[in-house]
Amino acid sequence: MKNKKLAAAMAAVHMYIRTEEEAAVAAMQSRAAAKPLAPAPVGQMNLWGLSGRQAIMNGNAVIRQRMLK
């Protein structure tokens, strides 16, 4: 009797999870069909800003590694 209850509970949980996954897939498909993907706008790269951020990150890495002491 105890095994039947356990099997029924496990089957119920499995069925609940399966229906939630199917609902999520259906929602994603309907959302994808509703609006077509447009290409992302491409902007010009700011090389000065990029190199500045890279220099800041390198400086922080040096400080974290305690190389400046």
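Along each chain, numbering runs from 1 in the same order as the chain's sequence is written. At least 70 in pLDDT is required for a residue's local features to be given in this predicted model, at least 80 for side-chain atom pairs to be given and counted, and no such filter applies to totals for whole chains, interfaces and linings, which use all residues. Values reported for side chains reflect all heavy atoms of the structure, with hydrogen atoms and water molecules removed beforehand.

S.K.: Looking at this structure, how should I read the overall build of the chain?
M.R.: Every helix listed is a DSSP run of H or I at least four residues long, and every strand listed is a run of E at least two residues long, numbered separately from the N terminus. Broken down by element type, the chain carries 2 helices and 0 strands. Summary of the burial criterion: residues with accessible area below 20% of their type's maximum are buried, those above 50% are exposed, and those between are partly exposed, where the area comes from a 1.4 Å probe applied to protein chains only. Out of the 69 residues belonging to the chain, those deemed buried represent 0%. Accessible surface, the chain: about 7000 Å² in total, of which carbon and sulfur atoms supply 66%. Each accessible area is a Shrake-Rupley estimate made with a 1.4 Å probe; only the visible protein chains count as cover when residues are assessed.

S.K.: Whenever I open this one, the pattern of salt bridges confuses me. Can you help?
M.R.: Opposite charge on two side chains lets them pair, provided their charged atoms get close. A pairing counts as a salt bridge when a side-chain nitrogen of Lys or Arg comes within 4 Å of a carboxyl oxygen of Asp or Glu. Scanning the entire structure with this criterion turns up 1 salt bridge. Where Arg-18 meets Glu-22, a salt bridge forms, and the shortest distance between an N and an O atom there is 3.7 Å. Of this pair, Arg-18 and Glu-22 both sit in helix α1 (residues 2-34), separated by 4 residues, roughly a single helical turn. Judged by relative accessible area, Arg-18 falls into the partly exposed class, the value being 44%. With relative accessibility at 47%, the residue Glu-22 sits in the partly exposed group.

S.K.: Is there a simple way to think about a nonpolar patch on the surface in this case?
M.R.: Every patch collects residues that have over 30% relative accessible area and no salt bridge, joining them within 9 Å if they carry like charges and within 5 Å if they are nonpolar side chains (Val, Leu, Ile, Met, Phe, Trp, Tyr). Taken together, the side chains of Val-13, Tyr-16 and Ile-17 present a nonpolar region at the surface, about 310 Å² in accessible area. Here Ile-17 lies in helix α1. On the accessibility criterion, Ile-17 (42% relative accessible area) is partly exposed.

S.K.: Quick question: what am I supposed to make of helix α2 (residues 47-64) here?
M.R.: Since the α-helix turns once every 3.6 residues, residues separated by three or four places project in the same direction. With 18 residues, α2 extends 26 Å from end C-alpha to end C-alpha; this agrees with the ideal 26 Å at 1.5 Å per step. Looking at the residues trailing α2, positive phi occurs at Arg-66, about 55°. One fewer than the residue count of a helix, multiplied by 1.5 Å, yields its expected span.

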